[in-house]
Each structure stands twice: as C-alpha cells, then as structure tokens.
Amino acid sequence: MQLARVIGTVVATMKNPSLVGRKLMIIQSLNKDLAPQGKPLVAVDAAGAGVGELVFWCRGKEASFPFKREDTPTDCTIVGIIDSDQHVSCQ
Amino acid sequence: MIIARIIGTVVASQKDERLEGKKLLIVRPVNLDGTDTSGYVVAVDTVGAGFHERVLVVAGSSARLAENMKDAPVDAAVVGVIDTVDIMSPEV
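Quick caveat: nothing in here was measured; it's all calculated off a predicted structure. (Residues numbered from 1 in each chain as written. Chains lettered and ligands numbered in written order. Predicted model: local features only at pLDDT ≥ 70, side-chain atom pairs only at ≥ 80, totals over all residues.)

Peer 1: Report on the overall build of chain B, specifying residues and quantitative values.
Peer 2: Helix and strand content of chain B: zero helices and six strands. In sequence order, chain B lays out its α and β elements as β-β-β-β-β-β. Each of the 92 residues in chain B was classed as buried or not, and the buried ones make up 34%. Considering only contacts within chain B whose residues lie at least 6 apart along the sequence, 52% involve residues at least 24 apart. (Helix = DSSP H or I, 4+ residues; strand = E, 2+ residues; numbered from the N terminus. Buried ≥ 20, exposed ≤ 12 C-beta atoms within 10 Å, placed from the backbone. Contact = placed C-beta atoms within 7 Å.)

Here it is as structure tokens:
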C-alpha cells in the first residue's frame, strides 16, 4: 500500500456494469515526506474519501478485495483515510 | 487504473478462443491535461468505446474481473468511457 493525496474526480457514465455505483477518484502518490511521486492514477474509492484528503491505496488484484472480489475490475483502490498530515511520521 | 485515449484497433483472426468476439483496441496513456504520453497498450474493450475517446484502462489480473471476461487471457481492459475529469489544483 502507498500514501496518496486525492486530487480530483472522474465521471464515466458508460462503464463496465461491474463498476456501476463506484466512485472514481484521481490520486497522486506521495513519498514518505508527502511529496508527489510518479504519475496520478484513477482509483476506485472504498473508504469514502474526499478531494484533498490524504489516503492510502492498494494496487494489483488485491484492490478488488474490498468489493465483491471476483466482480470488480480495479487495480487501484483507496482503502483508508489518514487522519491528518501530522499522523504520518517517518524517521 | 489509468486514463488513456483510443488510437487504433487490432484485428486478429487467429486467437485464443476465450478472446473470440472481443474488440481489441490500441490505447495510449494520457496525462491529466489530455496530452499524450509515449507508449501504448493493447486492451480488450468491455464498454463499446470509440476512436479517440478518453477511457479508463485497468491493468494486470484485475482486467479479468470485468464482466464477460472470466478466464480470458487478458491483462488490460477498457472498463469505462470518461465524461469529465475534475482536478483540485495542478501543483498538488
């Protein structure tokens, strides 16, 4: 899992039926100092995150586990919201 | 998932039987501002997307989880056609 900031949303009316009702967010991955790292990605939201929030996300097949796991085609899912930037500490 | 633009199609008569009837698209990943990046991916279409549309592409084994793709030998699938993208602020 990695840290990321939610920086936007995506709207897609026409989508695979297994994604209907899922919220799609754009996330920017962050390094341990909370500086952007890599390209933004589109993530399915399993935690109820909002734009601007610090979250952690899961990649790969495991990303579909929060949902009906054999049915949700996602390789990137927000699985938790971090309380605040101060709650990330790394020495 | 990544955002990509459809730049072409692929026709393959001889293929795995589990891929029969599936449309193959060539997609190019794009940046959030819509500019193209380099590279491309061949992805299976699950939504009926058209040429030049911005789409959502899911990669890896999750691509198989899309409806109608069970057990298909696929590692990239187009799972949505993007209407709008809203970004909070570009520098974040």
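What follows continues from the structure just given.
Peer 1: Explain the overall build of chain A to me, and be specific about the residues and the numbers.
Peer 2: A tally of helices and strands in chain A yields zero helices and six strands. Seen in sequence order, chain A has helices and strands lined up from the N terminus as β-β-β-β-β-β. Viewed in the frame of its principal axes, chain A has a C-alpha envelope of about 45 × 25 × 20 Å. Out of the 91 residues in chain A, the part that is buried amounts to 40%.

Peer 1: Any chance you could break down the pairing of strand β6 (residues 76-81) of chain A for me, citing the residues and the numbers?
Peer 2: Residue and element names in this part refer to chain A. For strand β4 (residues 41-45) and β6, the ladder comprises two bridges, and the chain directions are parallel. The partner of valine 44 across the bridge, within β6, is threonine 77. Looking at chain direction, strand β5 (residues 54-59) and β6 are connected through five bridges and run antiparallel. In the strand pairing of β6, phenylalanine 56 is matched with glycine 80. (Pairing = 2+ DSSP bridges.)

Peer 1: Outline the interface of chain A and chain B, supporting the account with residue identities and numerical values.
Peer 2: Facing 32 residues of chain A, the contacting portion of chain B comprises 28 residues. Elements represented by at least two residues in the side of chain A that touches chain B include exactly β1 (2-11), β2 (14-15), β3 (24-29) and β4 of chain A. A per-element tally of the side of chain A that touches chain B places β1(A) first, with six residues. Taken together, the residues of the side of chain A that touches chain B sort by class into 15 nonpolar, 11 polar and six charged. (Nonpolar A, V, L, I, M, F, W, Y, C, P; charged D, E, K, R; others polar.)

Peer 1: Explain the nonpolar core to me, and be specific about the residues and the numbers.
Peer 2: Grouped burial of nonpolar side chains is what soluble globular proteins tend to show. With 48 residues, the main nonpolar core has A:Ile27, A:Val42, B:Val55, B:Leu56, B:Val57, B:Ala77 and B:Val78 as its most contacted residues. What B:Val55 contacts, discounting residues up to four positions off in sequence, is B:Ala4, B:Ile6, B:Val27, B:Ala49, B:Val78, B:Gly80, B:Val81 and B:Ile82. (Core = buried A, V, L, I, M, F, W, Y, C linked by C-beta atoms within 7 Å.)

Peer 1: Please give an account of unusual backbone geometry that cites residues and values.
Peer 2: Residues and elements named next belong to chain B. Non-glycine residue histidine 52 carries a positive phi angle of around 75°. Summarising the element assignment, histidine 52 is placed in the loop between β3 (41-45) and β4 (54-59). Phi is positive for aspartate 71, which is not a glycine, with a value near 65°. Here aspartate 71 shows up in the loop between β4 and β5 (76-81). Under the C-beta neighbour-count criterion, aspartate 71 is labelled exposed, with 7 such atoms within 10 Å.

Peer 1: Tell me about the environment of A:Asp45, and name the residues and values.
Peer 2: All names here are of chain A. Residue position: aspartate 45 is located in strand β4. Considered as a pair, aspartate 45 and isoleucine 26 are 19 residues apart in the sequence and their alpha carbons are 9.8 Å apart. Setting aside its immediate chain neighbours within four residues, aspartate 45 contacts Lys23, Met25 and Ile78.

Peer 1: Describe the environment of A:Lys32, with residues and values.
Peer 2: Here A:Lys32 lies in the loop between β3 and β4. Spatially, the C-alpha atom of A:Lys32 lies 8.2 Å from that of A:Ser89, the residues being 57 residues apart in sequence.

Peer 1: Could you give me a rundown of the confidence of the model for chain B, with the residues and numbers involved?
Peer 2: Residues at a pLDDT of 70 or more form 96% of chain B, whose mean pLDDT is 91. Both confidence scores are given for the complex: pTM 0.88, ipTM 0.85. (pLDDT = per-residue confidence, 0-100.)

Peer 1: Please set out the pairing of β4(A) residue by residue, giving values where relevant.
Peer 2: Residues and elements named next belong to chain A. In terms of burial, β4 is a largely internal element, four of the five residues being buried. Strand direction decides the pairing type here: β3 and β4, joined by four bridges, are antiparallel. When the bridges of β4 are listed, isoleucine 26 appears paired with valine 42.

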